[in-house]
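Architecture and fold: a report
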Amino acid sequence: MDFKNAAELLILCEKENCPISEIMKRRECDLAETTNEELSKRMHKALTIMKKASTEPLTNPRRSMGGLLGGEARLVNLHRQEGKSICGNILSQAIAYAMGVLEVNSSMGRIVAAPTAGSSGVVPGVFLALQKEYDISDEKLLTALYNSSAVGYLAMRNATVAGAVGGCQAEVGVASAMAASGAVELMGGKPAQCLDAASTALMNLLGLVCDPVGGLVEYPCQYRNAIGVANALTAAELALSGVKQLIPFDEMLAAMYHVGRRLAPELKETAMGGCAATPAGCAACVGCE
Amino acid sequence: MSFISMFDVLGPNMVGPSSSHTAGACSIALIARKMLGEPVRQVAFTLYGSFAKTYRGHGTDRALLGGIMGFATDDERIPSAYALAEEQGIAYDFSYNHTETEIHPNTVDIQLTGIHGHAFSLRGESVGGGKIRISRINGIAVDFSGDYNTLIVVHKDRIGMAAHITKCLSEGMVNIAFMRLFREAKGDAAYSIVEFDGTLSKDVQQKIKEKKDVDQVMVIRIQEGQ
């Protein structure tokens, strides 16, 4: 069993009468010659790493190697705990988790690239915040991870997830689409709604550039992961409310890839444009190489 | 098109901050360690391009050092690689080549000597998302991905060598994913590199080795430790 694009994925879901997560699992079992038990074991391991990376910085802040980050996740979490969050529990929690993962990543801690290290906070941020709010079991949370991996696979296959090729829209944009789709399945949405949410999430970050200060995976990456979760939850909310998406995911992905290739080289991970080229950005990386 | 697994999307499990500059660097060095087949006594790294420019902020140096000590990409000992290498008495050296431009931007040369005196050199490229490519062994241009378990046969460039290797593999029920032959010049040293599915027994390795003009047989198990 395999699918080359989102249209084929939807047909498979309909034919087999099962969610995206299940189709992705069957594909993996077929093509990688593995079993459901083995998949579950490996995905549980990924989930364990995600949980640790999301929560540890909330109480144990770490300074990044380049010195641009440290302690942001804790501040956001404290703000929420004091009952002052203006965006509500789920979003505030998701932001803290996502920023925490980036803090761990930038200080040489252990993370799961999702789909990349620079965008590794979005998927765990969204799913773990939903888990906490709705008391969802780990077993059920795995379905969201399987679902999101289907969206990420399509992006890797038919476009790109490399900032150097497509800008941040290919990293945080895709991560956000993955999280949106997984969140919709987790909250009871249909496969078509999942892919609508993925399309919306990608659409709303179209054109986002990759402009790391000092060339490091620190700033603005961490803040972009925060907007990645907000965008994913917004897209999922639209889809679950029954709001239709005009452009199918396959076409949105092609648009993202097209935009990415048209972006100037200085806006694709070279640290020569955007935030990286601002006076403050340049001043901040005196110690960087 | 090669298979994209769900664990290529949600993965690799890795120590940050960069899949190409940290995880990829570690994977290249880990392959070098596996090819050496014994603990490392001495190692010299030469970093090129973006590796040479931004290694410190990305922990590329520590990931490389961790890799040659046998650490996987998600090993939390990578940040302390310098201290651990010193504890193990490994003599290491880093140099940075900023002038060579006709090369993949994330390239490293690794020269290794093991505790029993076995020595060789390797060039690796980190090609994105933690994926890598080994592009030279002992100065000879080769090409393999490290995605599969890999058999490397060092032999003299003689007629019938590929037939000998494939015969041994088929008798051992080993399915070949990719196979390529690399050589410097006709009749000189050559490398047959086979990426395969599943496992390869010691018996099969021994059989391949028994033929005249086969100098060395190495098996790199990529899947172990996952």
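Everything discussed here concerns the structure shown above.
What comes next is a walk through the structure. In every chain, residue numbers begin from 1 and rise along the written sequence. Here every chain gets a letter starting at A, and every ligand a number starting at 1, in the order they are written. With the structure being a predicted model, the display of local features is reserved for residues of pLDDT at least 70 and the display and counting of side-chain atom pairs for 80 or more, all residues being used for whole-chain, interface and lining totals.

Quick word on the overall build of chain B
From N to C terminus, chain B includes 7 helices and 11 strands. The reference for a compact globule is 2.2 Å times residues^0.38; the radius of gyration itself is calculated from the C-alpha atoms. On C-alpha atoms alone, chain B measures out to a radius of gyration of 17 Å, which is about the 17 Å that the 2.2 N^0.38 rule sets for 226 residues. In terms of its C-alpha atoms, chain B occupies a principal-axis envelope of roughly 50 × 40 × 35 Å. Within chain B, buried positions represent 43% of all 226 residues. By the convention adopted here, residues are in contact when the distance between their C-beta atoms, placed from the backbone, does not exceed 7 Å. In chain B, of all internal contacts separated by at least 6 residues, the share reaching a separation of at least 24 is 68%. Here a helix means four or more residues in a row that DSSP labels H or I, a strand means two or more in a row labelled E, and each is numbered from the N terminus. As a rule, residues whose C-beta atom has 12 or fewer other C-beta atoms within 10 Å are exposed, those with 20 or more are buried, and those in between are partly exposed; C-beta atoms are placed from the backbone.

Points about the sheet that holds strand E10 (residues 189-197) of chain B
All names here are of chain B. The sheet built from 4 strands is open, its strands ordered E9-E10-E8-E11 with antiparallel pairing. Two strands in the sheet have a free side with no partner beyond their single neighbour: strand E9 (175-183) and strand E11 (214-220). On average, adjacent strands in this sheet sit at an angle of 15° to one another, irrespective of strand direction. Angular values range over 0 to 180 degrees, each being the angle between N-to-C directions of two axes fitted as lines to C-alpha atoms, with helices fitted over their stretch in contact. Against the sheet, helix H6 (residues 161-171) contacts strand E8 (149-156), E9 and E10, and its axis sits at roughly 25° relative to E10. Criterion used throughout: strands pair if DSSP finds at least two bridges between them.

A closer look at the interface of chain A and chain B
Facing the 38 residues of chain A at the interface are 29 residues of chain B. Elements represented by at least two residues in the side of chain A that touches chain B include exactly helix H2 (20-31), helix H3 (36-59), helix H5 (88-106), strand E1 (110-112) and helix H7 (138-158) of chain A. Ranked by residues supplied to the side of chain A that touches chain B, first place goes to H7(A) with 7 residues. In the sheet, E1(A) pairs with strand E1 (residues 13-15) of chain B via 3 bridges, with the strands oriented antiparallel. Note that in E1(B) the partner of Val112(A) across the bridge is Asn13(B).

Structural notes on the nonpolar core
By convention the nonpolar core is taken to be a set of buried residues drawn from Ala, Val, Leu, Ile, Met, Phe, Trp, Tyr and Cys and joined through C-beta atoms within 7 Å. If you look at the biggest cluster of nonpolar residues, it comprises 159 residues, and the most contacted ones within it are Val126(A), Ala179(A), Ala180(A), Ala183(A), Val229(A) and Ala232(A). Ranked by residue count, the leading element in this core is helix H9 (residues 168-186) of chain A, at 12 residues. For every domain, the bounds stem from an assignment made automatically or drawn from a database. Looking at which domains feed residues into this core, each of domain 1 (6-138) and domain 2 (149-220) of chain B gives three or more. Apart from residues lying up to four places away in sequence, Ala232(A) is in contact with Val122(A), Val126(A), Ser176(A), Ala179(A), Ala180(A), Ala183(A) and Ala201(A).

Let's talk about the packing of H3(A) against helix H4 (residues 72-81) of chain A
All names here are of chain A. It is the contact of H3 with H4, at a shortest axis distance of 7 Å, that shows an interaxial angle of 75°. Considered as vectors, H3 and H4 are oriented roughly perpendicular to each other. Where H3 abuts H4, its residues Pro57, Leu58 and Thr59 lie against Ala73, Arg74 and Asn77. In this classification, Asp, Glu, Lys and Arg are treated as charged, Ala, Val, Leu, Ile, Met, Phe, Trp, Tyr, Cys and Pro as nonpolar, and every other residue, Gly included, as polar. In terms of residue class, the contact of H3 with H4 is built from 3 nonpolar, 2 polar and 1 charged. In this scheme, roughly parallel covers angles under 35 degrees and roughly antiparallel covers those over 145, while 65 to 115 is roughly perpendicular and the rest are oblique.

Concerning helix H3 (residues 49-58) of chain B
Residues and elements named next belong to chain B. In terms of burial, H3 is largely enclosed, as 7 of its 10 residues are buried. Looking at H3, one finds that the buried residues are Ser50, Phe51, Ala52, Thr54, Tyr55, Gly57 and His58. Each element contacted by the buried residues of H3 is listed here: helix H2 (19-36), strand E2 (40-48), helix H4 (60-68), strand E3 (91-97) and strand E4 (107-114). A positive backbone phi angle near 65° is found at Gly59, which sits one or two residues after H3.

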